[in-house]
Amino acid sequence: MTDHIETAPARDGVQDGGRRRELAAATVGSVVEFFDWNVYAVLAPYFAADLFGHGKGGVSGVLAAYATFAVGFVARPVGSYLIGRLSDTRGRRFALSLGMAVIAVASLGIATLPGQRTIGAWAAVLAVVVRVVQGLAFGGEAPSVAAYVTETGPPRHRFAFSSVSYGGIILGSLLSFGVLTLLIHTIGKSGLENGGWRWGFLVAALLGLGALWVRRAAPESAEFHRARARVRPGARPSFLRTVRDHRWAVLTVFLNTLGGTVGYYFALTYLPQYAAAYHVIDKERAASFMTVVLAIVLATMLLTGAAADRFGLLPVARIGFGLPIPLVGILLAGLRGGWLPFQVVAVLLGMTVATVLGTLNVFTGLLFPTEVRAVGLGVVNAATIAAFGGTFPLLAEWLDHHNGLGVIPVYVTVCTAGPALGLLTAMRVPSFTAALRQAEPDVQRPPGTA
């Protein structure tokens, strides 16, 4: 198989409504995916006793709930392969619809799952099974969205499409905290613990059904149709051959995802705990400020996408991917030393992550041929998130308990250098550079060339 990527030409005849349907179909999945993913985490303390039983102070139930949360990360690479394969053979629209249907049904399953008082230990067993099924669907969601956005985004605005579609993860995160806040204010903590937590998963199921309806109306990628016409049935390579034939692309996806996932889980999830450990700010006040940070991150992602379309990916990425390398250490030193307030550090760290996330869907999508795009980028992306993103809070807590919290700035800096290195490895992929030249002729070609 060649390393050719067929970039879709500008489709002047396509109405704006078609563009909006394509972008909406990609974005709603990210919103629902991260809402479902996060609502489990924020509601875990309230449903832990109901589904996983009581320990001393309810601790064992909470630990079991978070362990089940981690199981979802393990299932994601498998889902990336299974649904990614369907995406590369049956179509992006089919995979996007299938994944969203599974996510919605699984959320409804958790919302209606009988508790320990009704079915005993089977409640915990079924919760794990449902979470594994969700993890499989989540694993197929991201690569299918990335492939769809890469193939349907207008060449002059594809990074704006990338930032909007990936911005759904921020909206989903904000929405999950918003639902928790609403439930606390309406039914209170005791109401949540006595079954009110089920409303959160019911909202997730309804959002999933709404997203499924949007996706059913979206058109299939024209580039996918052309690729399917070129490939003989049964001629698609195995995953191992895909890795071997596109090793520079695989390495680039790993490096970009490494920086994005560690940056996300540190800057947007663990930072309040880190600041509280150094007695800079109390954890509750820091956590409440993170909604402001998430809103700023979303705005920065949108600006990054627009800038990449206007000035070219490479100039924007060189600045945005390079700044975190010195900035992480400086900001965290200022936080620990007390000469930088938590709010400033949180906003600036969030903005450094936004640059990577805002371009990630199309950046990684352009690295692979259409025929293996979803599987190639999906499995590597999901495995990296499972190994480095899903384990980050656990690693940080372990370091904290062993007086090793000072290692975190070094670890985060090394990981966030990944996207900068990924720019170098991406330039070893001929199809990637060709796609940039075709999509951005005015900013990528040397002056004076045709």
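Residues numbered from 1 in each chain as written. Predicted model: local features only at pLDDT ≥ 70, side-chain atom pairs only at ≥ 80, totals over all residues. Heavy atoms only, no water.

Trainee: For this particular structure, what's the right way to read unusual backbone geometry?
Mentor: Among all residues except glycine, the phi angle is most often negative; among peptide bonds, the trans geometry is most common. Unlike most non-glycine residues, H279 shows phi in positive territory, near 60°. Relative to the elements of secondary structure, H279 occurs in the loop between helix 10 (247–277) and helix 11 (283–311). (Helix = DSSP H or I, 4+ residues; strand = E, 2+ residues; numbered from the N terminus.)

Trainee: Sorry if this is basic, but what is going on with helix 8 (residues 222–230) here?
Mentor: Structurally, the α-helix is built with 3.6 residues per turn, so residues lying three or four positions apart point the same way. The set of residues buried in helix 8 consists of E223, F224 and A227. One face of helix 8 carries all of its buried residues, which in axial projection span an arc of 100°. Regarding helix 8, its N-cap is S221, as a side-chain oxygen of that residue lies 3.3 Å from the backbone nitrogen of E223 further along. (Buried < 20%, exposed > 50% of the residue type's maximum accessible area, 1.4 Å probe, protein only. Arc of directions from axis to C-beta. Polar contact = N/O pair within 3.5 Å; in protein donor to acceptor, adjacent residues only side chain to side chain.)

Trainee: Quick question: what am I supposed to make of the environment of L258 here?
Mentor: If you trace the backbone, L258 turns up in helix 10. Once the C-alpha coordinates of L258 and A417 are considered, the two residues, 159 residues apart in sequence, prove to be 8.8 Å apart.

Trainee: So what exactly am I meant to see when it comes to the packing of aromatic side chains here?
Mentor: Centre distance and the angle of the planes are the two values used to describe a pair of aromatic rings. Taken as a whole, this structure holds 19 aromatic pairs when the rule is applied. Relative to F201, the ring of W197 has its centre 5.9 Å away and its plane inclined at 85°; by these criteria the two rings are edge-to-face. A residue is classified by how much of its surface remains accessible, and F201, at 1% relative accessible area, is buried. Summarising the aromatic geometry, the rings of F289 and F342 are spaced 6.5 Å apart at their centres and angled 70° between planes, so their arrangement reads as edge-to-face. Taken together, the residues span a long stretch of sequence, with F289 in helix 11 and F342 in helix 14 (residues 342–365) at a distance of 53 residues. You'll find F289 and F342 in the same group, each marked buried. Put simply, the rings of F34, W37, F73, F138, Y264 and Y265 pair up and form one aromatic cluster. The positively charged end of R131 is found above the aromatic ring belonging to Y40, 4.3 Å away from the centroid. (Phe/Tyr/Trp six-rings, centres within 6.5 Å; stacked < 30°, edge-to-face > 60°. Lys NZ or Arg CZ within 6 Å of the ring centre and 35° of its normal.)

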